[in-house]
Structures are given as C-alpha cells and as structure tokens.
Amino acid sequence: MKCYIAAKKIVQILQEAGFIAYFAGGWVRDHLLGKDADDIDIATNATPQQVMELFPKTIPVGIHFSIIIVVQDEVHCEVATFREESGYHDGRRPAKVSHTTAEEDAKRRDFTINGMFFDPITEEVYDFVGGKKDLQRKVICAIGDPHLRFKEDRLRMIRACRYSARFSFPIEEETAIAILAHATELFPAVAIERVYDEFKKMTRDPHLFEALLLLHKYTLLTQIFKGMPLISYEELEEKLKKPLLFPEKTYPIVYLFELLHEVSLEKKIEICKHFKVSNKEIEFAKELHKWKSSPSLDDIELVELYTFPESEKCQQIISIHQQDSSFDRFHKAKREALKDHVARRKANTPLITASDLIERGYAPGKELGKLLKQAENLAIKLNLSSKEEVLTKLL
Ligand code: ATP
Ligand code: MG
C-alpha cells in the first residue's frame, strides 16, 4: 500500500505539472488479475530532465532508456519517459530510442497483457494493444508481428514461456509458431546474463516446472544448454512429477543442474561459468557437489561439515540433497556415529587439551598445536572417546 500511495503521488505531481503519467506494464496486468503488486513502474511524457527538475530526490539509473528513479516517501519508483525503440540490429537492444506517445510506448512492449497503462487518479485503464481482451482470453500474445518482435529482442521468447507458466495462459498460436521458428537464433543475440535473470525470476515463482517444460517444448532449453548433457523432454516431465522442494533462497543454478544428466564437478563449474553466476554461487555449487558425493568424504571432513548444520548454507545443502533418500540415510547414520565428536567441536571442549600435553613435557608452540590437531583427528578416525586411549595412540 505504501508503494501504491507513493507512486500515485508521483503521478499526481506529474499530472499537476501538465504531463501525462500512468502506471505501466506488469502492475496494470496484475491489478486487472486482482493481484496488486508492490513493484510499480510509471510511464510519462515528461523527459528525464523534467522529471529530475520536478522531484527533489531522483537517481538517474537508466538515462539511455530514459529511466529515472524517483524516491518518494522513501519508496523507489521507476519513472520512464514514453519511448519508441528502433533499429534493432543485434536481436537484443535498439540502436535508437526516442521519446513518443503512450500509444507508441505500449507498442514497443513485449506482450499485450504487459502493454497497458492505468491512471491511478481516475482509475482508468488505457489499452492500446488489446491487453484486456487477451487477459480475458487468457493468452500470451506478442504485440504486433511476433516474428519481428522476437527478431528485435530474442529474450522475449523466454519471457513468453515464463508468463505462460506463471499465469497458466497458453501462448497464442502465431506467437508460439514464431518462437519455434526463431528459437535457434537465441544466441549470440541475447546475453547469457539476461537469460539467467529470467531463470532467477522463474525460480521465485511456484510455476517454475511448467516454465522449464515450456522452454524445453519450444526448444529453447536445447539452445541454452547447447553442448551440455541436457535431459530429454520426457525425462524432465518424469522428473518434475515429484516437485523439487528446495528451500526458498536456493540459487537458480541448483535448479539448472536438475536439467542435466549426472555431471562431474568440473563440468558443473564450467556450467556456472557459462551462466556467469557469482563466485558465491560457484562456491555453493562446489559444496553442494561435495556433499552429494559425501560417502567418499573422510569422517574428519564430515565432522567439520556437521559442526554447524544450523548455518543457512548447510541447511540449504541438507534440504536440497534430502530429496535423495540414500543421501538422507547415509547422513543420518553418519551424524549419529559422529555426534560426540561434533558436540565436542561445537562446545570447543576437545578430548585432549594443551595442558594435557604440557603436563607430559611438551613445550607450548606450533608443534604442540599440530599434535592437538592430530589428537582430534585420531579420535574421530578411530572413534575414541577417552583421553587415555587417544594419548596412548598419539604419543
Ligand atoms: P515481473 O513481475 O515478472 O517483473 P513485469 O511485467 O513487471 O513482470 P519486467 O521485466 O519487470 O516485467 O518489465 C516491465 C515491463 O517492461 C513489462 O511489463 C513490459 O511491458 C516491458 N518489458 C520488459 N522487458 C521487455 C522486453 N524484453 N521487450 C519488450 N518489453 C519489455
Ligand atoms: Mg517487474
């Protein structure tokens, strides 16, 4: 509600200054579907310069696309000047952007249901592209000629699948034909980072699996995973019968691994690099892999991993792998077997302390530290639980 009030105030200020200003795109679609979102984009005929002059707090984020963030009552709202895009040469971005009318701005948007405006003052919807009708028909339909629109920006093919899954609206026939016709042209036009951003949005939506199936159906997954051991449509369908119940903030790359046949760690790192994921994600993927192959892990490593299972990372890894029953059985048994060692590590109360060794004539220093480490490893490896036993074996 706070966002709505702030965004409405921005529109009011713009309109009182003599400009046209509306809520635009996704918010209008969601509003008509009865789901008011918090993310409100504003479109106006005021130029970025005029927007900056009108509001005391602004951030010029996307001046190239005429987008200014206006900070109103602590809410950040994107205000974009109505624009027309032309001269798409590379299938991803326009060569020229010029200011225009609301109607023309609607036409440069991707799908009819995403192309409407809403005036929060009069509560009137402005629909120049047949968006309302398509919301009623429940279809995802490109604005204008779908072939041209996908040639302009090929990412739109992936977006079509995302929206289709999200709203359970089929993709309109001509739009669907155009996706099949242009799927092979996805790369090199589209930057992989934009594709990954779309995956990110999909993984935050409960309809992720429908979206993945659609991407497979329209042969887009084959393009995205070219040269990688992608599973077949039927295998994916079978796999997704049992939903992947990963924790809320699971990195998208973890879901993407599910689309592939079993691969080595090296291959997984290569895939991470292909998608240009962050180093943090790569580290997570490595750790996840390490746990998956945990039967080969040393007991000492396992004690280390089990020491802080309440950390968010460990929780995530555990719940991701828990779907694999052998993983669960192995770890339950191991955790039980190693529980005393884990408890000692957590409480920082080792079986052998520095004073035990000093009492036996060892001088404090680096060597003593090494010996203490050896003592702990010995206790874990041989599953010893008494001080004497460890000291006998150690010294
Ligand atoms: P979401 O809830 O998934 O963010 P959204 O509709 O808000 O949905 P955004 O990606 O945030 O989608 O984009 C905002 C609006 O900008 C869209 O509704 C659409 O009108 C327009 N848009 C975004 N990406 C494109 C694109 N690649 N081509 C044309 N129009 C686009
Ligand atoms: Mg959005």
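Residues numbered from 1 in each chain as written. Chains lettered and ligands numbered in written order. Predicted model: local features only at pLDDT ≥ 70, side-chain atom pairs only at ≥ 80, totals over all residues. Heavy atoms only, no water.

Draft legend 1. Inspection of the overall build of the chain at higher detail. When you go through the chain residue by residue, the secondary structure sums to 22 helices and 9 strands. A globule of 395 residues ought to have a C-alpha radius of gyration of about 21 Å, yet the chain, at 28 Å, is considerably larger. Taken along its principal axes, the extent of the C-alpha atoms in the chain is 90 × 50 × 35 Å. Evaluated residue by residue, the chain yields a buried proportion of 48% over its 395 residues. Looking at the chain alone, contacts between residues at least 24 apart form 64% of all its contacts between residues at least 6 apart. Positive and negative side-chain charges in the chain, numbering 58 and 62 respectively, have mean positions lying 4 Å apart. (Helix = DSSP H or I, 4+ residues; strand = E, 2+ residues; numbered from the N terminus. Rg over C-alpha atoms; globule rule 2.2 N^0.38 Å. Buried < 20%, exposed > 50% of the residue type's maximum accessible area, 1.4 Å probe, protein only. Contact = heavy atoms within 4.5 Å. Lys, Arg positive; Asp, Glu negative; His and termini not counted. Charge placed at Lys NZ, Arg CZ, Asp CG, Glu CD.)

Draft legend 2. The packing of helix α7 (residues 155-167) against helix α9 (residues 192-203), seen in detail. Contact geometry for α7 and α9: axes closest at 10 Å, N-to-C directions at 5 degrees. Compared by their axis directions, α7 and α9 come out roughly parallel. Here Leu 155, Ile 158, Arg 159 and Arg 162 of α7 lie close against α9, whose contacting residues are Arg 194, Val 195, Glu 198, Lys 201 and Met 202. Here the residues of the contact of α7 with α9 are counted per class, giving 4 nonpolar, no polar and 5 charged. (Axes fitted to C-alpha atoms, helices over the stretch in contact; angles between N-to-C directions. Parallel < 35°, antiparallel > 145°, perpendicular 65-115°, else oblique. Nonpolar A, V, L, I, M, F, W, Y, C, P; charged D, E, K, R; others polar.)

Draft legend 3. Just the sheet that holds strand β1 (residues 21-24), in detail. If you trace the 7 strands from one edge of the open sheet to the other, you get β3-β4-β5-β2-β1-β8-β9, paired in mixed fashion. Taken across any chain shown, the strands that pair with only one partner, and hence form the sheet edges, are β3 (58-62) and β9 (124-126). Ignoring which end each strand starts from, the neighbouring axes of this sheet average 35 degrees apart. In the sheet, strand β4 (residues 67-72) pairs with strand β5 (residues 75-81) via 6 bridges, with the strands oriented antiparallel. Residue pairing for β5: Ile 68 is matched across the bridge by Val 79. Each of β1, β2 (41-44), β4, β5 and β8 (117-119) is contacted by helix α1 (residues 2-16), which is oriented at about 150 degrees to β1, the strand it contacts most. (Pairing = 2+ DSSP bridges.)

Draft legend 4. Geometry of the pattern of salt bridges. Summed over all chains, the structure comprises 32 salt bridges. Notably, a salt bridge pairs Arg 109 with Asp 105, separated by 2.9 Å at the nearest N-O pair. Note on accessibility: Arg 109 and Asp 105 belong to one class, buried. Note that Arg 345 and Glu 376 form a salt bridge whose closest N and O atoms lie 2.9 Å from each other. Here Arg 345 is found in helix α19 (residues 339-347), whereas its partner Glu 376 is found in helix α21 (residues 366-381), with 31 residues between them in sequence. Connected through salt bridges with shared partners, the residues Asp 110, Arg 159, Arg 162 and Glu 198 form a single ionic network. (Salt bridge = Lys/Arg side-chain N within 4 Å of Asp/Glu carboxyl O.)

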